[in-house]
Amino acid sequence: MHRHARSVLDLAVVAFVALMPIRTGGAQTAPSAAKAQPSIVDEVWAREAQYWQFVKAGDVENYLTLWHKDFRGWPCADEHPATKANISDWVRDIRDKKIRFTSNLVREGATSVGGVVVVYYRTPMKYEYPDGHTESVGKPVKITHTWMKVNGTWQIIGGMCGADAPRS
């Protein structure tokens, strides 16, 4: 092999190896530039964190920004599915009745399919009223939210809340 061809081949092998992901402990680590980019699932979990911050603050206006205009879902305490028009009623109550609301989101899973992200989690919910009495939702509730990016912003397009009870 000619010396020049050998140098080009050596350079190509070095470049290939340098650009390959590094394997450590069975996991692949991407180059640092790619690693710094959050996944879309991470972006949605960040929006879920905002969701609960808005609820705790009774911030109805910002809470409503999380929901797609065509949303339909089943809130925890509602007998029938709701739309965006009434999804913030409980947050308005927290604000207007000056309720101290607490929760603790426990992630159970997430999936991303075709630009849509579905998250699954559970949380206990506790309401502390100004007169001192408290109400807790017995066991934590299970929540599913389906998110879609609309004009660069993740919005909830569907959801379901259910009791966290084992099957009998």
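Anything mentioned here points back to the structure above.
Remember, predicted model here, so these are calculated numbers, not experimental data.

The contact between helix H3 (residues 40–57) and helix H5 (residues 89–96) brings their axes to 7 Å, and the two run at 45°. By the angle between their directions, the pair H3 and H5 is classed as oblique. Contacts from Tyr51, Trp52, Phe54, Val55 and Lys56 in H3 reach Trp90, Val91 and Ile94 in H5. Of the residues in the contact of H3 with H5, the class split is 7 nonpolar, no polar and 1 charged.

Let us look at the sheet that holds strand S4 (residues 82–83). Pairing in this open sheet of 6 strands is mixed, and the strands run S4-S3-S11-S10-S7-S6 from one edge to the other. The open sheet is flanked by S4 and strand S6 (106–113), the only strands paired with a single partner. In terms of strand pairing, strand S7 (residues 116–123) meets strand S10 (residues 141–150) through 8 bridges, oriented antiparallel. Within S10, the residue paired with Val119 across the bridge is His145. Together, strand S3 (67–74), S6, S7, S10 and strand S11 (153–163) form the strand contacts of H3, whose direction differs from that of S7 by roughly 45°.

It is worth spelling out the layout of surface pockets at this point. Quantified by volume, the largest pocket comes out at close to 540 Å³. Looking at the largest pocket, it is lined by 31 residues, and the ones nearest its centre are Pro75, Cys76, Ala77, Asp78 and Trp90. Contributing elements (two or more residues each) for the lining of the largest pocket: H3, S3, H5, strand S8 (125–128), S10 and S11. The residue inventory of the lining of the largest pocket, partitioned by class, reads 21 nonpolar, 5 polar and 5 charged.

All right, on to the side chain of Ser103 then. You can see Ser103 is positioned in strand S5 (residues 100–103). Judged by relative accessible area, Ser103 falls into the buried class, the value being 15%. When residues no more than four places from it in sequence are discounted, the contact partners of Ser103 are Trp52, Lys56, Thr123 and Pro124.

This paragraph deals with the side chain of Gln155. Structurally, Gln155 can be placed in strand S11. Among all residues touching Gln155, those that are not within four sequence positions of it are Thr65, Leu66, Trp67, His68, Thr146, Trp147, Met148 and Val150.

What follows deals with H3. Between the first and last C-alpha of H3 there are 26 Å, a value that for 18 residues agrees with the 26 Å anticipated at 1.5 Å per step. Among the residues of H3, Val41, Val44, Trp45, Arg47, Glu48, Tyr51, Trp52, Phe54 and Val55 are the ones counted as buried. Where H3 ends, the next residue or the one after it, Gly58, has phi of about 65°, a positive value.

This part covers the packing of aromatic side chains. Enumeration over the complete set of coordinates arrives at 12 aromatic pairs. Measuring from ring centre to ring centre gives 5.5 Å for Tyr63 and Trp67, while their planes differ by 55°; the resulting arrangement is tilted. Residue classification places Tyr63 among the buried residues on the basis of a relative accessible area of 1%. On the numbers, 5.1 Å between centres and 70° between planes, the contact of Phe101 with Tyr127 is edge-to-face. With a gap of 26 residues between them, Phe101 in strand S5 and Tyr127 in strand S8 connect regions that are remote in the sequence. In terms of burial, Phe101 and Tyr127 fall into one category: buried. An aromatic cluster is present here, built from Trp45, Tyr51, Trp52, Tyr63, Trp67, Phe71, Trp90, Phe101, Tyr121 and Tyr127 joined pairwise through their rings.

Parameters at a glance
Residues numbered from 1 in each chain as written. Predicted model: local features only at pLDDT ≥ 70, side-chain atom pairs only at ≥ 80, totals over all residues. Heavy atoms only, no water. Axes fitted to C-alpha atoms, helices over the stretch in contact; angles between N-to-C directions. Helix = DSSP H or I, 4+ residues; strand = E, 2+ residues; numbered from the N terminus. Parallel < 35°, antiparallel > 145°, perpendicular 65-115°, else oblique. Contact = heavy atoms within 4.5 Å. Nonpolar A, V, L, I, M, F, W, Y, C, P; charged D, E, K, R; others polar. Pairing = 2+ DSSP bridges. 1 Å grid on protein atoms, 1.4 Å probe; cavity = no way out; pocket = protein on both sides within 12 Å on 5 of 7 lines; lining within 4 Å. Points joined across faces, edges and corners; volume = space filled by probe spheres on them. Buried < 20%, exposed > 50% of the residue type's maximum accessible area, 1.4 Å probe, protein only. Expected span 1.5 Å × (residues − 1). Phe/Tyr/Trp six-rings, centres within 6.5 Å; stacked < 30°, edge-to-face > 60°.

Any link to function would need more than the numbers given here.
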